[in-house]
Each structure stands twice: as structure tokens, then as C-alpha cells.
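Inside the fold
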Amino acid sequence: MKSEHQIKQLAKQIRFEPDEMVDERVLACAEAVLDKSSNIQTSVPHRHHLIWRTIMKNSMTKLATAAVIVVAMMMVTHHFTGSFDGSNIALGQVIADVNGIIENMKRMPWVVKTYREPQGVTLEEWFCFERDYWIAKTPAGAVVSYNYAEGRRYDYNPDANSITIDSLHKENDSYSSFSSPRAILESLYELVTDKSVKPQTKISKKTGRYKGKDVEILKIAFSTNKQNYRTNLFIDTKRKILLREVSNITDSSGKMVQSYEEEFNYPDNGPADIFALGVPRTANVIDKTDVTLAKKTDDPKLVALNIQLPKPMFVGTPQDTKTPHLERPSGKPRPPFLAPVGTTNVALGRRVTSSDGEPIIGQLEMITDGDKEAADGSYVELGPFAQHVTIDLEAEYNIYAIVIWHYHKQARVYFDVVVQVADDPDFTTNVRTLFNNDFDNTIGIGVGESLHYSETSEGKLIDAKGIKARYVRLYSNGNTSNDLNHYIEVEVYGKPVH
Amino acid sequence: MSEDKHLLKLLCQGDNYALRRLYEKYRTDLYTVALSLIHDVHTAEDCLQDVFVRLTERAAELRIRRNLKGYLVSSVANRARDRFRKEIKPLDKTDGLGCSVCATDPAKVLIDREESARLFNTLKRLPFAQREVFVLHVQGGMKFKDIAELQNVSTKTVLSRYRYAIDKLRAFLDREDTK
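Just so it is clear, the model here is predicted, and its values are computed rather than measured.

Another point: the overall build of chain B. For chain B, the helix and strand inventory stands at eight helices and one strand. Counted from the first residue to the last, chain B has its helices and strands arranged as α-α-α-α-β-α-α-α-α. Here chain B holds 179 residues, and 56% of them are scored as buried. In chain B, the proportion of contacts linking residues at least 24 apart, taken out of those at least 6 apart, comes to 65%. As displayed, chain B offers around 8100 Å² of accessible surface, 48% of which is attributable to carbon and sulfur atoms.

Pasting the structure below:
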């Protein structure tokens, strides 16, 4: 059970940063008021306020990291007994000695840091200097890796079973300052050249044993303006590398801010990619480096899509326990779906073609006519078994959501629902699958991981994440009532590609 | 003279630097409070903008009794409450918000981010009055007495709301832990 203190600590750790566009907007508005009241002509807004972002990096965090290296380096090059005041060591000498510890670290193919807290929280991080690569795994199974050489980051979310690939922007990414092997070493230079930080370091040492190795145990204590650091370092006396760190950080009132232990190992090999740390290869891959998203400068705001719903034709939560791989109904209305301002249903009135050229009931144009009611005369019935319909949007769009209404007068389940987008009407070019619940690959497009779902008046919303495409194709393969296929309406929410 | 008083004085004189320094100093705290209260990115941005525009407009006539941060946090809270009463739909996803977590060890960020994200999402489930007390006290650093003045209730009522908020957050989080 979480204590009040723990809840407060978690709440205090929540920090949201407005993005640059918001900063610019707020400052521009406030400056306009300022200029108006003081009758001073302003120059063209400049990016001065962006400069402070780089200055605002937390030097305390780097301090904690670099302190380990500083002391390890001192152990390599200085022999001392008792305690000493760090300020007695000339900065120039320290800087000159930096190369020694850097060379030691660079010679290690891999550094594995296992972080532990008293309550048992553990995080494993792998650093590879040769590849300029960092990868970490949390207790909940999330895996993150930063490949600085490639300029990409990979995020695995175990709850969604998805891998997101994105570009790595060093200037914006808060991890880059800490996780890059190079950056850790660079922070050492900053520490010793930053004259505003004057650690009055007290160090004492003794010899000991750790995991069968002779070690020197250094007790380090230093304080900054806001925090006090107490660290014990266990250093392999033979190889002059760090094996373990035990640290306590308290604030100026003596209250414990953080207590942790880190163990360092130096294997010859490490995880080649996130799959080596247990990420399943069946995870959905969202490659944001390959998808054109609406640019923030064009659409900085997200708004809830206004999806008009038809009359529900049955009450209560659908119950169907016979269909395998069936999604459990939430029993609540679907939450609002956010998309950039200006997103509309771009499928309205567009031409529809089908694998069944002569529907049994209705016409294909009903699928995009805007009528979502489950009344007779409002739906299209296609022949049995696997069929598909294709919507030509008549131009390329950034698609954010697709909403499908099959026949929803009853709580049916339609099988093998697959939704794809492509650049050509025959679906041969740049075909991407957005949704697939064909778990046994009946249709032959591929094994789907998504669940079957019961039809309701809400329709099925598929998050398309801004994917760029002109053609949308939807498959199905009968339903729980018969082998036939039905559509009442399909909406495609998107914005024109600029 | 404290930095804030000095900056306010400069702001009255039309000093851009003072405005930017104040913005730089308080933007994160105020934005965090706004989002924790209202759970709507667009509204939180508007609140932040309104507060600084208002500060610039009224810098000359401001008589801040306690501290500037408290004044600014109260301003954000007032705007957030007004918006909430207009029934702004809550945000359901926090992944895209770029919630950062301050920690001295970067490794801890990954772990704490998950727990903090859960707590942030759980805040939405509190009645607004309780959420307001919790956010203003814990994230905004306001005293219960000041919150009582803001909410126009007694300090005892504020304390009760705070206790209820803690109990509910604990219950929600523990229930999710046992799933």
C-alpha cells in the first residue's frame, strides 16, 4: 500500500514542459502587451528564449554521474591517505588526468549498469562506446534504446505490444545528455570546468573485498547548493574500474531524496537490439521516421474528433462468449479521439469499389454517404466469405482515424477484419496494415494480433496515426450470424498532405 | 530585494528580459499545475498564456502579499477552475505529453515515469475540488490556508478534501497494483 509520502513524491516528480511553440506564443503575447504599455518598438521575435533551454540542463544530474568518474580517475592517478579537500587538487591536473579514465572506459566493449533501490526497483542499462549505443529495460518490461550512430530511438511498450521507432534529436531528447556513452565522458569536462560548482569533496578510503575481488572502497562526500551527496565506490584495484556504487542524496534539511545502489559489469558482448532483451518480434512496429505526420508548426493543437453516432439499436453491453479472441467490451462510451485541428471525414462521398461487383443488397456508394443508421435501406450486403471494399480518397491524405460500421442492429462479430492503406487502387504499392484480427491468416494477408470485437452503434475506431495514403481497403469474412458481409458506413478522418 | 521583486520592478519598466526570466523560472511549475488540474493540453497552454499576459498587464499595480509563485499558481488555478466548469473534455492519453520526471539518476526516470504517469491519470478520477487541493498543495507548494482562501472555504474543509484525495489516490493506485 502506498504511503502518503510516496504519493506526494510521485506527484512532485510529475513535470510537464510546454513545447517551444507554446513558449514562443506565450512570450509573443506577453511581449506585445509589454510593448503596447511601454510604447517600445520590438524587433522581430528572436529565438533568445530557446537558448536558455540548453543552459537549463540539470548540471546536478551530470554532477552525480561524473563524480563517479572523477573519483575513479583520482584513484588511478593519485595515491593518498586520509581525507583531503578536493579544492586542493589543481583543476588543470584533474583535466589532464581525465584522459586516463576515459581511455580505461573506452577499452571496455560493454558496460552494464544494474540500478537498484531499497524497495527492490531495478533497472538494467547497457552502454556500448564502440557503437555509441545505449539500451535499458525496466521492471515492467519496457525497453528503450538509443542508437546515436543511426540517429534513432526504439521504444517498446509492453502494454500495447508495440515498438515505436523515431528519430533521435540530441538537442531535445532528455535522455541524450545522460545515456550517450560519449556524453557521460563529456560531462566530466563540464564538471571540472564549471566554476560555479565547487564541491568541497571529502574522501577517505579503505581496502576490502567485493565478489571475490580486491577492492578499494572510497567514501566520498560533497555538497552543492541544494543537495548533499554521500557515495561509496568499490574499485577493482587490479583493473582500475568501478564495480559498485552505493549512494545517498539528501536535501539541505537532511531529508533523504534518493538512495540507490549500482553494480557495474563489463561483458565482452551485449544486446544487439531490443529483441535481445526480450521484446517479442510479433510486436506492432510504428515507424515514425517513415510516416509523414502533420508538422507541429502547421497544427500545434489537437482537438477531439466530432464523430456523429447513429441511434443504438440494442441496449446493454454485448455478450458473446463463443467467439475466440474477442475483445471485452468496456461498458463505457469510447473516450474522445484527438487529431490535429482541421481533421475531417475525407471519405464522405468518395468512390467505393469492391471484390463483389454486384452487392446483394444496396449500393457501394452507401458506404460513404454519411448515413450510419442500421435501418433497412442503409446498408450494403456483399456476398459470402472473404470480401473487401476499397475507398479512393482521390488525393493523398494524412489519415488519423478510420471508423467502421458493419451491420450494428445486433451485437454481431465480423470475422477477419483487416484494414489497409496503399498508394494505388490494386494495393501493390506501399501497402500498410493498420488493423488485422485475422488470427489464423484465413484471408492470407498475414496473421493478425488484434482482437475480434462486437458491433455497436459507436463503430470500430482504428488509430491511423497520421499515415499518408490515398486508398483505404477493408476486408471481412462473414459474421457470427451468417457468411455474408455488411457495411453501413466507413469514415476516414484526415487532412490533406501539404 | 528578492529576485522576484526585482524582476517585477523591471517588468513594470517594460523590460523584456524580466518577462523572459520570470517565464523561464515558472513555466514548468505552472504548466504542470494546469495540466494536473484540467488534463487538457490546449486549455493548459491557454491558462499559461493568460497568466503571463495578465501578469504583464497588471505588473504595475500588483501588490503581492506572500510570494509571486503563489500568486501565479493561484491565477492558474482560477483559470483552470473556470474552464473545468465549462466542462472541458479530459485528455485520455498522456503518452504524447512528454511528461518528464526529475530525478538525479537518469536511470530512475524510466521507472518513475511509469508510476508518475499512473498517478497523473489517476488524478483525473478525483472530484475537482479534491484534485485542486492536492495539486495546489503538493505540486504548487501552496499552504492549506492559502488554498482555503482561494476556494473560499474553511481551512478545515481544505484539510478534509486533501485527506479524501490522498485516500482515493491510494485506493486507486493499490487497486491497479493488484491487477
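Here we take up the pairing of strand S24 (residues 489-496) of chain A. Residue and element names in this part refer to chain A. For S24, the tally of buried residues reaches seven of eight residues, placing the bulk of the element in the interior. In this structure, strand S16 (residues 344-345) lies alongside S24, joined through two bridges in antiparallel fashion. For Asn-345, the partnering residue across the bridge sits in S24 and is Tyr-493.

Residues and elements named next belong to chain A. On average, residues of chain A carry a pLDDT of 74, and 73% of them reach 70 or more. The least confident element of chain A is helix H3 (residues 48-55), whose mean pLDDT is 27; the most confident is strand S20 (residues 418-422), at 96. Overall, residues 39-98 carries pLDDT values under 50, and its contacts beyond four positions in sequence, including any with other chains, amount to 100 contacts. The low-confidence segment residues 187-198 (pLDDT under 50) makes 23 contacts with residues lying over four places distant or belonging to another chain.

So, on to helix H1 (residues 3-12) of chain B. Every buried residue belonging to H1(B) is among B:Asp4, B:Leu7, B:Leu8, B:Leu10 and B:Leu11, and all of these are buried. Buried residues of H1(B), viewed axially, fall in a sector of 160°; they line one side.

All right, on to the pattern of salt bridges then. Summed over all chains, the structure comprises 29 salt bridges over all chains. Its salt-bridge partner being B:Arg27, residue A:Asp23 comes within 3.1 Å of it at the nearest N-O pair. Separated into two different chains, A:Asp23 in helix H2 (residues 20-38) and B:Arg27 in helix H2 (residues 16-38) make up a pair that spans both. Residue A:Asp23 shares its accessibility class with B:Arg27, and that shared class is buried. Residues A:Lys460 and A:Glu327 are paired through a salt bridge, measuring 3.5 Å at the closest nitrogen-oxygen approach.

Further remarks concern the side chain of A:Asp236. Residues and elements named next belong to chain A. Counting through the fold element by element, Asp-236 comes out in strand S10 (residues 227-236). Engagement of the side chain of Asp-236 in a polar contact is seen with the backbone nitrogen of Lys-238, the distance being 2.8 Å. A polar atom in the side chain of Asp-236 sits 3.1 Å from the backbone nitrogen of Arg-239. Ignoring any residue separated from it by four or fewer positions in sequence, one finds Asp-236 in contact with Lys-213, Asp-214, Val-215, Ile-241 and Leu-243.

Turning our attention to the nonpolar core. One finds B:Leu11, B:Leu30, B:Phe52 and B:Phe134 to be the most contacted residues of the largest nonpolar core, which totals 60 residues. With twelve residues, H2(B) is the largest single contributor of residues to this core. Residue contacts for B:Leu11: discarding those within four places in its chain leaves A:Leu34, B:Ala18, B:Leu19, B:Leu22, B:Leu55, B:Thr56 and B:Ala59. Counting residues in hydrophobic clusters, the runner-up holds 44 residues, among them A:Ile307, A:Leu461, A:Ala464 and A:Tyr487.

Moving on, we come to the packing of H2(B) against helix H3 (residues 41-58) of chain B. Residues and elements named next belong to chain B. Close contact between H2 and H3 brings their axes to 9 Å; oriented N to C, the two are set at 140°. Judged on the interaxial angle alone, H3 and H2 are oblique. Crossing angle aside, the handedness with which H2 passes H3 is right-handed. Contact residues: H2 offers Leu-19, Leu-22, Tyr-23, Tyr-26, Arg-27, Leu-30, Tyr-31, Ala-34, Leu-35 and Ile-38, while H3 offers Val-41, Thr-43, Ala-44, Glu-45, Cys-47, Leu-48, Val-51, Phe-52, Leu-55 and Thr-56. Split by residue class, the contact of H2 with H3 holds 16 nonpolar, two polar and two charged.

What follows deals with the confidence of the model for chain B. Residue and element names in this part refer to chain B. Here chain B shows a mean pLDDT of 80. Residues at 70 or above account for 79%. Below a pLDDT of 50 lies the segment residues 89-107, which in the model reaches 59 contacts outside its immediate sequence neighbourhood of four places, other chains included. As scored by the predictor, the complex reaches a pTM of 0.36 and an ipTM of 0.84.

Moving on, we get to the environment of A:Leu302. All names here are of chain A. As for its placement among the helices and strands, Leu-302 is situated in strand S14 (residues 302-304). Take Leu-302: its relative accessible area is 49%, and that puts it in the partly exposed class. Put simply, Leu-302 and Gly-342 are 40 residues apart on the chain and 9.3 Å apart in space, counted from C-alpha to C-alpha. Apart from residues no more than four positions distant in its own chain, Leu-302 is found in contact with Leu-338, Ala-339 and Pro-340.

So, how was this worked out
Residues numbered from 1 in each chain as written. Chains lettered and ligands numbered in written order. Predicted model: local features only at pLDDT ≥ 70, side-chain atom pairs only at ≥ 80, totals over all residues. Heavy atoms only, no water. Helix = DSSP H or I, 4+ residues; strand = E, 2+ residues; numbered from the N terminus. Buried < 20%, exposed > 50% of the residue type's maximum accessible area, 1.4 Å probe, protein only. Contact = heavy atoms within 4.5 Å. Areas by Shrake-Rupley, 256 points an atom, 1.4 Å probe, with all protein chains shown as cover. Pairing = 2+ DSSP bridges. pLDDT = per-residue confidence, 0-100. Arc of directions from axis to C-beta. Salt bridge = Lys/Arg side-chain N within 4 Å of Asp/Glu carboxyl O. Polar contact = N/O pair within 3.5 Å; in protein donor to acceptor, adjacent residues only side chain to side chain. Core = buried A, V, L, I, M, F, W, Y, C linked by side-chain atoms within 4.5 Å. Axes fitted to C-alpha atoms, helices over the stretch in contact; angles between N-to-C directions. Parallel < 35°, antiparallel > 145°, perpendicular 65-115°, else oblique. Left-handed = near helix turned anticlockwise from the far one by under 90°. Nonpolar A, V, L, I, M, F, W, Y, C, P; charged D, E, K, R; others polar.

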